[in-house]
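Structural characterization, general
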Amino acid sequence: IGTQTGNQYPLCTSNKHENQFVAFFRFLREVGIVIKQQEAPKQNQEEIIDSLIEGNDTIAILATGGGKSLCFQIPALLSDGITLVITPLISLMQNQVYELKKRKIKAEYITSEMDGFLLNDIIKRLENGEIKLLYISPERLENGRYYAIFKKLNISYIVLDEAHCISIWGNDFRPSYQSIKNLINNLNPRPTIAAFTATANKKVISDIEEILDMKDT
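Our subject in this report is the structure included herewith.

Attention now goes to the layout of surface pockets. In this structure, the second largest pocket occupies an estimated 230 Å³ of space. Contributing to the lining of the second largest pocket are 14 residues, with Ala63, Thr64, Gly65, Gly66 and Lys68 lying nearest its centre. Of the residues belonging to the lining of the second largest pocket, the class tally is four nonpolar, eight polar and two charged.

Now the structure itself:
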């Protein structure tokens, strides 16, 4: 993420976002998060971060292990609202939420295997503004119950992991991904959309843009 040295913030690559990044590093310092130099974003990550902060729908092709989580977690923490991270990878949800909680960041995950008691507790905390990042499986979005819940929330970003799964031309096509467009259409104001994939040809990218009705990509 970068390293603070005195009053210098290396992540600030332009004056346009300097105040936001200063506020972000101040937030990290206040909650006691330790940042290591090797975690500093690479150029392609900075471009994705900048695009999302500017409110642009963004498609990002990053290799596995390319640091995609950093690309949406920084905008998420700088935003006023909640970030929904939609991913089919339960192990990824669990690992990232665990790491975020270790850093005192309010994060939770919802899967199709979760029992009702725990689910209701998470929903209550969502409605009370006690969760900043929510990871959720695409299968859960097939339940219309969540549309009513999310419609009441201030959602800044929807992050789609493994975005190629939305296209019938992509690897591991998942029909449950088709419900994501319905979710987006039910939200007002419309959140910024970020779609991440490790591999996608032109046809798959076109499908992602069209199915999600992405703007400014």
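Next comes the rest of the account.
It is worth spelling out empty space enclosed by the protein at this point. Going through the model one piece at a time under the given rule, you end up with two cavities of 30 Å³ or more. For the largest cavity, the calculated volume is near 50 Å³. Lining the largest cavity are Phe150, Lys151, Leu153, Asn154, Ile155, Leu187, Asn188 and Pro189. Each residue belonging to the lining of the largest cavity can be placed in one class, and the counts come to five nonpolar, two polar and one charged. For the second largest cavity, the full set of lining residues is Lys68, Phe72, Val85, Leu92, Gln96, Val159, Asp161 and Phe196. Sorting the residues of the lining of the second largest cavity by element identifies helix 3 (68-78) and helix 4 (90-102) as the ones contributing at least two each.

Let us look at the pairing of strand 3 (residues 107-110). Alignment of strand 3 against strand 4 (residues 133-136), held across four bridges, turns out to be parallel. In the strand pairing of strand 4, Tyr109 is matched with Tyr135. Where the polypeptide runs from strand 3 across helix 5 (residues 116-127) and back to strand 4, its parallel neighbour, the crossover connection is right-handed.

Parameters at a glance
- One numbering rule holds for all chains: residues counted from 1, following each sequence as written.
- Thresholds applied to this predicted model are a pLDDT of at least 70 for local features of residues and 80 or more for the giving and counting of side-chain atom pairs; totals over whole chains, interfaces and linings are not thresholded and use all residues.
- Working from all heavy atoms in the structure, the side-chain values ignore hydrogens and water.
- Note on definitions: the grid is 1 Å and covers protein atoms alone; a cavity is a set of points where a 1.4 Å probe fits but cannot get out; a pocket is an open set with protein on both sides within 12 Å along at least five of seven lines; lining residues have an atom within 4 Å of a point.
- Grid points are joined across faces, edges and corners, and a volume is the space filled by probe spheres set on the points.
- Polarity classes work like this: nonpolar for Ala, Val, Leu, Ile, Met, Phe, Trp, Tyr, Cys and Pro, charged for Asp, Glu, Lys and Arg, and polar for all others, with Gly in that last group.
- Counting from the N terminus, the helices are DSSP H or I runs at least four residues long and the strands are E runs at least two residues long.
- By definition, two strands form a pair when at least two bridges between them are found by DSSP.
- Crossovers are marked right-handed if the path from the first strand over the helix to the second runs clockwise, as seen with the strands pointing away from the viewer.

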